[in-house]
Amino acid sequence: MSKHAPLGGSLVTRTTVIAAALFVLSLVLLAVRFLKGLGAVANINNGYPWGIWVAYDVVIGTAFACGGYAMALLVYILNKGKYHPLVRPALLASMFGYSLGGFSVIFDLGRYWNFWHIMTPGYANPNSVMFEVALCVACYCVVLWLEFTPAFAEKWGGPALKRRLNNVLFVFIALGCLLPTMHQSSLGTLLVVFGQLIHPLWQTRLLPLLFLLSALAMGFSIVIFEATLVTSAYKRPSEARILAFVTRYIVVLMSAYLLLRWGDLAYEGKLGLVFSSGGLSLMFWLENILFALPIVLMGPKANRVDERLQFLSAVSMLLGGGLYRIDAYLVAYGRPGWHYFPSVGELLVTLGIIALEVLAYIVFVKRLPVLHPVHASGETHAVERAPAALTTE
Amino acid sequence: MPFSRRNFLKGAAATGAAAAAAATVTVAPAEARENKTMPPKAVGLLYDSTLCIGCKACVVACREANDMPPEVQTADKLWDTPLDLSGHTLNVIKLYAEGTAMHKDQVKDGFAFVKKSCMHCVDPSCVSVCPVSAMRKDPETGIVSHHPEACIGCRYCVASCPFGVPHFQYDTPTPRIEKCQMCRHRQAVGQIPACAEVCPTGATLFGPVAGLKAEAERRHALPPGQSATFPRKTVDDLADGHTKAVGHYLPATYGEHEMGGTQMMLLSGVPFDKLGYPALSETSNASVSESLQHGIYKNMAAPVAVLAGLMYAAHKHTKHDGRDED
């Protein structure tokens, strides 16, 4: 018997209907974009050629989709089996997050009909950080769907296919850990060439490392965020005890992040800018407070099993990571005389993409073996499996 | 694993070590690539703000030579009135004005003209960042050209240009990136760029970069106020030159060092930052970015090694639970 089972239940609920409606609305706006050009829907301009379709849909969207990456590292590379029940739902969210990030790229590209050039020898330019990001993200999308195939195999393929899959799965798991390491750091490297166009509080050669560390911490946070929501929405037993272990990885990663970021500012003699940059100083402090909050909250041992504090820490980390990316790509970027704020249409398209993600996630957990089943005792499978790890806490 | 202080510290130490290692890789100076160097037969433009009379003949000529539509802003739609570079304008003349704006080439109560078009960088960001090689730099002449048939419209070139030159068309479903290509189609048939061709005062001059630099130096050395001869169209065309009082030049040629040098250069009596030409480092942004990127991915050695380690670990940790695990 599989350790995973579909949740079942009706697919037509208030949530799914609203999500579907939002997605349809975004399709209408996208039709306008394809008929009349990017400017008909988006507020992007030649001073801010990248708007939220890049900064949110691609850069933040894929960082939010790092749950699968973070959990795969933990379970399969560091061999922490007790987190196993968290892997498949995390992979599922990653699969949608990345696939839709890739889809968003297509409608943001002005000359999308040429998109295949980016992987075509003769056109591809290895000096371009974007080339590396595009190649890695595309490969990772494929890898995520392959990593998830055991769920499809259980539903439709039978045990023979599943066994064959298991023999090669380690290759995809390894790729599934390497590729996000490469492109999540490259999403930081992408900004290095902007030089003085990005405020010195954000422009640093440590950008790749800062983006990678925060993306991983966002990956762990999204696992906590989703597990807490699923627990509450589907009235499942709390996973707070196992999530308590996940929180410490966020603490370690973000401690390293803050150390590096502040150390770099001190080394480069930029500490004064922390106070003297007006609105940007404010944004900088907001980011740092949001990053520090999980460390403060999850530092004391007693707090770590508190479901509400876990959730608060995860949300703080996700907001901090999101704000850091919005700041680096948009707020701290600029040329004199140009302004950008997303249009309603632009925001609705992004909202529609998020809605599609939520919708697909619900359909999958209800119809496919994603979550560990709840037993009569009220415990999920894995907690039974690894009592030693938990009782010694 | 018990959630103890010791384990926490172990984890923290490991993460710290990994971060430190990554940081070392990130800033390793051994991988640094220098600025690119000036191509052997580099051609360019020299714009002298003190000679410019703001007639905008170059703006019109550029539009005709490059087959760009007029940009109308007024209600009657009778004027071609480009306000700045755009997806439909490759060259503009702008005006600096302060106070009463009575005195040419003076900061206070003065005015000055300035040309805005592609700088044809020696080490261009747009060429470095373009993922599909739609921006190319000619290895001989150094002209930075754009190739729409390759372009995917990602606008990384627009976002990264330190001078704000490439512009994208947001008003059409089949947009293009547009920027000055130094009239390479005219040069191919022995003509010079249209802006230099029509300039009545020689404020915009075409020629080999070495010749343009020598001319800039000559002007810097001339005593202000005395009359001197200035070539028109091309830098060596003194026969067609005209005589005029020498302006009060600032002691710098913009583009000689900025971003590793550019093939369009400017002379002015008003500080360049007031004319929309910012102070920039001598190290090109492209070299910083490429040093970092290629430092991390040199010969793909690091990624391949990491992948091998990951595959070993993943194999070891999944092979025993093949029965019904994933």
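So, how was this worked out
- Residues numbered from 1 in each chain as written.
- Chains lettered and ligands numbered in written order.
- Predicted model: local features only at pLDDT ≥ 70, side-chain atom pairs only at ≥ 80, totals over all residues.
- Helix = DSSP H or I, 4+ residues; strand = E, 2+ residues; numbered from the N terminus.
- Buried ≥ 20, exposed ≤ 12 C-beta atoms within 10 Å, placed from the backbone.
- Contact = placed C-beta atoms within 7 Å.
- Pairing = 2+ DSSP bridges.
- Axes fitted to C-alpha atoms, helices over the stretch in contact; angles between N-to-C directions.
- Nonpolar A, V, L, I, M, F, W, Y, C, P; charged D, E, K, R; others polar.
- Core = buried A, V, L, I, M, F, W, Y, C linked by C-beta atoms within 7 Å.
- pLDDT = per-residue confidence, 0-100.
- Parallel < 35°, antiparallel > 145°, perpendicular 65-115°, else oblique.
- Left-handed = near helix turned anticlockwise from the far one by under 90°.

1. Re the overall build of chain B
Working step 1: Counting secondary structure elements, chain B contains 9 helices and 12 strands.
Working step 2: In chain B, buried positions account for 43% of the 326 residues.
Working step 3: When contacts within chain B are restricted to residue pairs at least 6 apart in sequence, those whose partners lie at least 24 apart make up 61%.

2. Points about the sheet that holds strand S12 (residues 264-267) of chain B
All names here are of chain B.
Working step 1: The strand order S9-S1-S12 describes an open sheet built from 3 strands, whose pairing is mixed. Strands with a single pairing partner mark the edges of an open sheet, and in this sheet they are strand S9 (204-208) and S12. Across this sheet, the average inter-strand angle for adjacent strands is 25 degrees, counted without regard to direction.
Working step 2: The pairing of strand S1 (residues 43-48) with S9 spans 5 bridges and is classified as antiparallel. If you follow Tyr47 over to S9, its bridge partner there is Thr204.
Working step 3: Most of the contacts of helix H7 (residues 209-221) go to S9, to which it runs at about 130 degrees, and overall it touches S1, S9 and S12.

3. Considering the interface of chain B and chain A
Note on interface size: it is often stated as the accessible area lost on association of the parts.
Working step 1: In this assembly, 62 residues from chain B lie in contact with 67 residues from chain A.
Working step 2: Taken together, the elements giving at least two residues each to the side of chain B that touches chain A come down to helix H1 (5-27), helix H3 (125-129), helix H4 (156-160), strand S7 (167-168), helix H8 (285-296) and helix H9 (301-318) of chain B.
Working step 3: Broken down by class, the residue content of the side of chain B that touches chain A amounts to 37 nonpolar, 20 polar and 5 charged.

4. A few points about the nonpolar core
Working step 1: Judged by nonpolar contacts, the single largest core of 214 residues is most densely connected at Met71(A), Val223(A) and Leu253(A).
Working step 2: Ranked by residue count, the leading element in this core is helix H8 (residues 207-233) of chain A, at 16 residues.

5. A few points about the sheet that holds strand S4 (residues 110-116) of chain B
All names here are of chain B.
Working step 1: Spatially, S2-S4-S3 is the arrangement adopted by the 3 strands of the open sheet, whose pairing is mixed. Across the chains shown, the open sheet's two edge strands, defined by having one partner strand only, are strand S2 (92-97) and strand S3 (103-104).
Working step 2: Bridge analysis of S2 against S4 gives 6 bridges, and the strand direction is antiparallel. Residue pairing across strands places Val92 opposite Lys116, the latter belonging to S4.

6. Some points on the confidence of the model for chain A
Working step 1: The predicted model of chain A has a mean per-residue pLDDT of 89, with 95% of residues at 70 or higher.
Working step 2: When the criterion is pLDDT under 50, residues 376-393 of chain A qualifies, and its contacts beyond four places in sequence or with other chains add up to 25 contacts.

7. Let's talk about the environment of Ile362(A)
Residue and element names in this part refer to chain A.
Working step 1: Its location among the elements puts Ile362 in helix H13 (residues 344-367).
Working step 2: As for Ile362 and Val230, which are separated by 132 residues in sequence, their C-alpha atoms are 9.6 Å apart.
Working step 3: Other than its neighbours up to four places away in sequence, Ile362 contacts Thr15 and Thr16.

8. Considerations on the packing of H8(A) against helix H9 (residues 240-267) of chain A
Residue and element names in this part refer to chain A.
Working step 1: It is at 9 Å that the axes of H8 and H9 come closest, and there the two elements cross at 155 degrees. Judged on the interaxial angle alone, H9 and H8 are roughly antiparallel. Crossing hand, H8 versus H9: left-handed. Here Leu209, Leu210, Leu213, Ser214, Leu216, Ala217, Phe220, Ser221, Val223, Ile224 and Ala227 of H8 lie close against H9, whose contacting residues are Leu243, Val246, Thr247, Tyr249, Ile250, Leu253, Met254, Ala256, Tyr257, Leu260 and Arg261.
Working step 2: In terms of residue class, the contact of H8 with H9 is built from 18 nonpolar, 3 polar and 1 charged.

9. A word on the pairing of S4(B)
Residues and elements named next belong to chain B.
Working step 1: Burial analysis of S4 places 5 of its 7 residues in the buried class, which makes it a mostly covered element.
Working step 2: Where S3 meets S4, 2 bridges bridge the pair, whose relative direction is parallel. Each residue of the ladder has a partner; that of His103, found in S4, is Gly110.

10. Notes on the confidence of the model for chain B
Residues and elements named next belong to chain B.
Working step 1: Overall, the prediction assigns chain B a mean pLDDT of 89, with 88% of residues at 70 or greater.
Working step 2: This model gives residues 23-30 a pLDDT under 50, and the stretch forms 12 contacts once residues within four places in sequence are excluded.
Working step 3: Interface scoring of the predicted complex returns ipTM 0.90; its pTM is 0.90.

11. A short note on unusual backbone geometry
Residues and elements named next belong to chain B.
Working step 1: Phi at Lys77 takes a positive value of approximately 55 degrees, unusual for a residue other than glycine.
Working step 2: Assignment of secondary structure puts Lys77 in the loop between helix H2 (57-65) and S2.
Working step 3: Residue classification places Lys77 among the exposed residues on the basis of 10 C-beta atoms within 10 Å.
Working step 4: Here the phi dihedral of Cys183 falls at roughly 45 degrees; this positive angle occurs in a residue that is not glycine.
Working step 5: For Cys183, the position within the fold is in the loop between strand S8 (177-178) and helix H5 (184-187).

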